[in-house]
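Descriptive analysis of the structure
So you can see what is in the structure, the chains are spelled out below.
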Number of protein chains: 2
Amino acid sequence: MNIIMQPIGYIKSEFKEKKELPRQSILNTDKKAIIEILPEYVEGIEGIVENDYGIILFNFHKSTKSPLRIIPHGRDHMTGVFSTRSPNRPNGIGMSIVKFTKVDGNKLEFEGVDMLDGTPVLDIKPYSSKLNPK
Amino acid sequence: MNIIMQPIGYIKSEFKEKKELPRQSILNTDKKAIIEILPEYVEGIEGIVENDYGIILFNFHKSTKSPLRIIPHGRDHMTGVFSTRSPNRPNGIGMSIVKFTKVDGNKLEFEGVDMLDGTPVLDIKPYSSKLNPK
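The rules behind the values
Residues numbered from 1 in each chain as written. Chains lettered and ligands numbered in written order. Predicted model: local features only at pLDDT ≥ 70, side-chain atom pairs only at ≥ 80, totals over all residues. Heavy atoms only, no water. Helix = DSSP H or I, 4+ residues; strand = E, 2+ residues; numbered from the N terminus. Rg over C-alpha atoms; globule rule 2.2 N^0.38 Å. Buried < 20%, exposed > 50% of the residue type's maximum accessible area, 1.4 Å probe, protein only. Areas by Shrake-Rupley, 256 points an atom, 1.4 Å probe, with all protein chains shown as cover. Lys, Arg positive; Asp, Glu negative; His and termini not counted. Charge placed at Lys NZ, Arg CZ, Asp CG, Glu CD. Pairing = 2+ DSSP bridges. Axes fitted to C-alpha atoms, helices over the stretch in contact; angles between N-to-C directions. Contact = heavy atoms within 4.5 Å. Least-squares fit on C-alpha atoms with pLDDT ≥ 70 in both. Core = buried A, V, L, I, M, F, W, Y, C linked by side-chain atoms within 4.5 Å. Buried area = accessible area lost by both parts, 1.4 Å probe. Salt bridge = Lys/Arg side-chain N within 4 Å of Asp/Glu carboxyl O. Polar contact = N/O pair within 3.5 Å; in protein donor to acceptor, adjacent residues only side chain to side chain. pLDDT = per-residue confidence, 0-100. Phe/Tyr/Trp six-rings, centres within 6.5 Å; stacked < 30°, edge-to-face > 60°.

1. Focus on the overall build of chain A
In terms of regular secondary structure, chain A is built from zero helices and nine strands. Mapped in sequence order, the helices and strands of chain A form the string β-β-β-β-β-β-β-β-β. A compact globule built from 134 residues would reach a C-alpha radius of gyration of about 14 Å, and chain A, at 15 Å, matches this within 12%. Its C-alpha atoms give chain A principal-axis dimensions of about 45 × 35 × 30 Å. Classification of the 134 residues of chain A by burial places 50% in the buried group. Surface exposure of chain A reaches about 6500 Å², of which carbon and sulfur atoms provide 49%. Charged side chains of chain A number 19 positive and 17 negative; the gap between the two group centres comes to 8 Å.

Here you go:
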């Protein structure tokens with residue numbers, strides 16, 4: 001069964017290669033980037049900067065779909081990929097919590113970038129601390 | 001540009017219709033459900049119950065891709081869909097924070113279900129409170 005998605009926009013960031021990327025978006029709040037929303041989806045970001053934080057779901061477009069078991073960074077034994085944030089995973093969906101700072105037409109600026117320039121954006125969701133486990 | 005995904009498994013839950021669903025997964029911790037991981041992805045869940053919590057990304061397979069502006073539940077004015085958790089959104093990706101309770105072969109049991117029975121699962125990620133905004 002294929003599930004077909006289409007980007008709602010693309011990331012414009014200063015990171016052109018994987019080795020330049022920070023490890024966790026929320027620890028990288030001094031860097032800003034932009035999502036250029038495609039014209040047909042611009043209505044969907046109305047009101048978005050009223051939320052301080054949001055969640056960007058994106059496609060790891062430069063990664064592979066395997067392996068299923070890896071040794072995560074900083075650990076010493078193999079574990080399943082679904083216990084890790086590895087970009088190499090079956091459906092290649094990345095998730096970052098970011099802080100929205102400005103919107104100008106179809107350009108949505110945010111802090112907390114850990115995506116490569118040109119990354120396809122799949123979805124944007126509100127962040128709510130009420131949904132976090134206690 | 002099409003991005004093609006394939007389910008890594010399917011939700012088995014007691015919710016057969018949308019009207020039965022709770023509004024927020026984490027507020028529904030007395031109900032349990034199972035992800036039946038497809039055989040080819042079972043290696044990917046190794047070690048997963050060592051994490052208390054996880055994030056399930058799934059496909060809203062019974063929803064539409066529009067409209068781009070809605071009046072969210074409990075509010076009185078229109079806003080863009082990307083500021084809401086509406087299941088009707090361009091790429092139909094749902095996200096729930098859940099608590100893993102047991103794994104038995106390809107069956108991963110969790111608390112916090114807000115998905116319909118038969119929902120395709122796209123990805124599972126670790127939850128880390130360290131990534132939450134301060």
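2. Let's talk about the sheet that holds strand 4 (residues 53-59) of chain B
Residues and elements named next belong to chain B. Taken together, the six strands give a closed barrel; going around it, the order is 2-3-8-7-4-9, and neighbouring strands pair in antiparallel fashion. Geometrically, the sheet is characterised by an average inter-axis angle of 45° between neighbouring strands, direction not taken into account. Where strand 2 (residues 9-12) meets strand 3 (residues 32-37), four bridges bridge the pair, whose relative direction is antiparallel. Note that in strand 3 the partner of Lys12 across the bridge is Ile34.

3. Here we look at the side chain of Ser86 of chain B
Of note, Ser86 of chain B is situated in the loop between strand 6 (79-80) and strand 7 (93-104). Those residues within four positions of Ser86 of chain B in sequence are excluded, and the remaining contacts are Phe60, Ile70 and Val81 of chain B.

4. Description of the relation of the copies chain B and chain A
Its rotation angle being 180°, the transformation that places chain B on chain A also includes 0.0 Å of axial translation and leaves an RMSD of 0.0 Å. What the superposition gives is, in effect, a two-fold axis relating one chain to the other. Residue Ile4 of chain B, judged by its C-alpha, is the member of chain B lying nearest the rotation axis, at 2.3 Å. A share of 100% of interface residues in chain B that are also interface residues in chain A marks the association as one of identical surfaces.

5. Details of the nonpolar core
Of all hydrophobic cores here, the largest spans 24 residues; its most connected members are Ile35, Ile56, Phe110 and Ile124 of chain A together with Phe82 of chain B. Every element with two or more residues in this core is listed here: strand 3 (32-37), strand 4 (53-59), strand 7 (93-104), strand 8 (107-111) and strand 9 (120-126) of chain A. With three residues, the top contributor of residues to this core is strand 3 of chain A. If we ignore the near neighbours within four places in the chain, the residues touching Phe82 of chain B are Ile8, Tyr41, Gly44, Ile45, Ile48, Asp123, Ile124, Lys125 and Pro126 of chain A together with Arg89 and Pro90 of chain B.

6. Some thoughts on the interface of chain B and chain A
Counting residues at the interface gives 54 residues for chain B and 54 residues for chain A. Interface of chain B and chain A: buried area, both sides summed, is about 5200 Å²; carbon and sulfur atoms make up 59% of it. For the chain B face of the interface with chain A, the top three residues by lost area are Met5, Phe82 and Leu131 of chain B, together amounting to 15%. Applying the counting criterion to the chain B and chain A interface returns four salt bridges. The salt bridge partner of Asp123 of chain B is Arg89 of chain A, with a shortest N-O separation of 2.8 Å. Linking chain B with chain A are 24 residue pairs in polar contact (both at pLDDT 80 or more). If you list the elements that add at least two residues to the side of chain B that touches chain A, you get strand 1 (3-5), strand 4, strand 6, strand 7 and strand 9 (120-126) of chain B.

7. Some remarks on the confidence of the model for chain A
Residue and element names in this part refer to chain A. The predicted model of chain A has a mean per-residue pLDDT of 91, with 95% of residues at 70 or higher. Predicted confidence in chain A is weakest over strand 7, with a mean pLDDT of 94, and strongest over strand 2 (residues 9-12), with 98. Among the scores for the predicted complex, ipTM is 0.93 and pTM is 0.94.

8. What to know about the packing of aromatic side chains
The tally for this structure, following the rule as stated, stands at four aromatic pairs over all chains. Between the aromatic rings of Phe58 of chain A and Phe60 of chain A, the centroid separation amounts to 5.2 Å while the plane-to-plane angle is 75°, which identifies the pairing as edge-to-face.

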